Amino acid sequence: MNHLTIVDHPLVQHKLSVMRRTSTPSNQFRQLLREISHLLAYEVTRDLPMTTVAIDTPVCPMDAPMLDGKKLALVSILRAGNGLLDGVLELIPSARVGFVGLYRDEETLQPVQYYFKVPEGMDERVVIAVDPMLATGNSSVAAIDLLKKAGATNIKFLCLLAAPEGVARMKEAHPDVQIVTASLDEKLDEKGYIVPGLGDAGDRMFGTK
Ligand code: URA
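Criteria and thresholds
All chains use their own residue numbering, which begins from 1 and follows the written sequence. Local features are withheld for residues below a pLDDT of 70 in this predicted model, meaning they are given only at 70 or higher, and side-chain atom pairs are given and counted only at 80 or more; totals for whole chains, interfaces and linings count all residues. UniProt positions are given in the numbering used here, feature names are shortened, and annotations may be inferred rather than shown by experiment. Helix and strand assignments follow DSSP, with helices taken as H or I runs no shorter than four residues and strands as E runs no shorter than two, numbered in order from the N terminus. Note on definitions: angles span 0 to 180 degrees between N-to-C directions of axes, and those axes are lines fitted to C-alpha atoms, for helices only across the stretch in contact. Roughly parallel covers angles under 35 degrees, roughly antiparallel covers those over 145, roughly perpendicular covers 65 to 115, and oblique covers all other angles. Take the far helix as the reference: if the near one is turned anticlockwise from it by less than a right angle, the crossing is left-handed, and if turned clockwise, right-handed. For every residue pair, C-beta atoms are placed from the backbone, and the pair is scored as a contact if these atoms sit within 7 Å. Under the scheme applied, nonpolar residues are Ala, Val, Leu, Ile, Met, Phe, Trp, Tyr, Cys and Pro; charged residues are Asp, Glu, Lys and Arg; polar residues are all the others, including Gly. Two strands pair if DSSP finds at least two bridges between them.

An unreviewed UniProt entry annotates the chain as Uracil phosphoribosyltransferase originating from Neptunicoccus cionae. Heading Pathway (unreviewed entry) of the UniProt record for the chain holds this comment: "Pyrimidine metabolism; UMP biosynthesis via salvage pathway; UMP from uracil: step 1/1." Its UniProt record, at the heading Function (unreviewed entry), says of the chain: "Catalyzes the conversion of uracil and 5-phospho-alpha-D-ribose 1-diphosphate (PRPP) to UMP and diphosphate."

And the structure:
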């Protein structure tokens, strides 16, 4: 398993460049995020377990390939994760959905959980955690800690942009978790923003500041 997969596809890269532009308004940003999330979902589900099922086509019987096992779980890391979640769910409408809410304690700077709700049977599902920005990796690592505590053993992490610092932190804490992203950017700035990045993903999505 590759720990980091960069989806270096012309459509993904073009759409991402438009999203990065300061002048791109929220409605277009959300639409592009939805379109990119379909393409990223295609890549993150590439090695889902398959089985064959006997079916009849109008011409003849056949053993047709179908997804195997329990329905997968998509877990949105609030709040920006919801932007990716919507598009991924359009591609995998039968997936079960969970949410993890974390905020940063201003004194300790550590992520604190304020919401956690995931489907039952996490140990039997492929789990895809979604968050557009893998920056320091602190909240992503904490979210995956919680998913593992809930029983998940087969976890993938889907993001739009990743910083090298966040990828390194995830690799150290969760080497078993594959990261799929549209871009590995250059670095973090002193405020923890991804450079060149696209700013605050939640603000860009929801028009807040
Ligand atoms: N979260 C964001 O929304 N943007 C960044 O650049 C880093 C973290």
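Undergrad: Mind showing me how you'd approach the UniProt feature "binding site: uracil" (unreviewed entry) in the chain here?
TA: Cross-referencing UniProt, the feature "binding site: uracil" (unreviewed entry) maps to Ile194, Gly199, Asp200 and Ala201 in the present numbering. Among the structural elements, aspartate 200 can be located in the loop between β14 (194-195) and α6 (201-206). Take alanine 201: it is sitting in helix α6.

Undergrad: Please clarify how the packing of helix α1 (residues 10-20) against helix α2 (residues 26-44) should be interpreted in this entry.
TA: Remark: α1 packs on α2, axes separated minimally by 10 Å, with the N-to-C direction vectors making an angle of 155°. Overall, the two elements α1 and α2 adopt an arrangement that is roughly antiparallel. Seen from above, α1 lies across α2 with left-handed handedness. Residue-level inspection shows Leu11, Val12, Lys15, Leu16, Val18 and Met19 of α1 in contact with α2, the latter providing Phe29, Leu32, Leu33, Glu35, Ile36 and Leu39. Here the residues of the contact of α1 with α2 are counted per class, giving 10 nonpolar, no polar and two charged.

Undergrad: Sorry, what's going on with the sheet that holds strand β6 (residues 111-117) here?
TA: Strand pairs in the sheet, formed through backbone hydrogen bonds, run parallel or antiparallel to each other. Spatially, the seven strands line up as an open sheet ordered β1-β11-β9-β7-β4-β5-β6, and their pairing is mixed. The sheet is open, and its two borders are formed by β1 (4-6) and β6, each paired with just one other strand. Adjacent strand axes in the sheet meet at a mean angle of 20°, parallel and antiparallel pairs treated alike.

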